[in-house]
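Here's the letter readout for the chains.
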Amino acid sequence: MRQKLVRDFSAEQKENVKDEVKRELDTQYKAHISSLSDDLMIEKQKHEKTKKELVQANKLNDSLTEMNIDYIENYVP
């Protein structure tokens, strides 16, 4: 059946089908790339947020460590 359809298609019809399939694949490819780009941007934003939170946590940790050392040096006999 498929071979009969292929035989019955003219060269112009074959080209039209090829062009239509190519356009559809290009459209799907562009949509996929756009989706990947959006996902990457979201992951970058999450990374930046996590990085900022870690920097703040490290600063707080350093501050508490410094306070503990100061307390030990000055108030513990």
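Conventions adopted
Residues numbered from 1 in each chain as written. Predicted model: local features only at pLDDT ≥ 70, side-chain atom pairs only at ≥ 80, totals over all residues. Heavy atoms only, no water. Helix = DSSP H or I, 4+ residues; strand = E, 2+ residues; numbered from the N terminus. Rg over C-alpha atoms; globule rule 2.2 N^0.38 Å. Buried < 20%, exposed > 50% of the residue type's maximum accessible area, 1.4 Å probe, protein only. Areas by Shrake-Rupley, 256 points an atom, 1.4 Å probe, with all protein chains shown as cover. Lys, Arg positive; Asp, Glu negative; His and termini not counted. Charge placed at Lys NZ, Arg CZ, Asp CG, Glu CD. Patch = residues over 30% accessible without salt bridge, like charges linked within 9 Å, V, L, I, M, F, W, Y side chains within 5 Å. Salt bridge = Lys/Arg side-chain N within 4 Å of Asp/Glu carboxyl O.

1. Some words on the overall build of the protein chain
Working step 1: When you go through the protein chain residue by residue, the secondary structure sums to two helices and zero strands.
Working step 2: Computed over the C-alpha atoms, the radius of gyration of the protein chain is 32 Å, more than 25% above the 11 Å expected from 2.2 N^0.38 for a compact globule of 77 residues.
Working step 3: Its C-alpha atoms give the protein chain principal-axis dimensions of about 100 × 20 × 10 Å.
Working step 4: When each of the 77 residues of the protein chain is scored for burial, the buried share is 0%.
Working step 5: Carbon and sulfur atoms make up 57% of the accessible area of the protein chain, which totals about 7,800 Å².
Working step 6: Charge-centre separation for the protein chain: the mean point of 14 positive side chains lies 11 Å from the mean point of 16 negative side chains.

2. Examining a nonpolar patch on the surface
Working step 1: On the surface, a cluster of nonpolar side chains totalling about 330 Å² of accessible area is made up of Phe-9, Val-17, Val-21 and Leu-25.
Working step 2: Take Val-17: it is sitting in helix H2 (residues 11-75).
Working step 3: On the basis of relative accessibility, which here comes to 37%, the residue Val-17 falls in the partly exposed class.

3. Some points on the pattern of salt bridges
Working step 1: Within this structure, the stated rule accounts for three salt bridges.
Working step 2: The salt bridge involving Asp-26 is made with Lys-22; its shortest N-O contact spans 3.2 Å. Linking Asp-26 with Lys-22, this pair stays in helix H2, spanning four residues, or about one helical turn.

4. Concerning a negative patch on the surface
Working step 1: Taken together, the side chains of Asp-62, Glu-66, Asp-70 and Glu-73 make up a negatively charged region of the molecular surface.
Working step 2: Mapped onto the elements of the fold, Glu-73 is located in helix H2.

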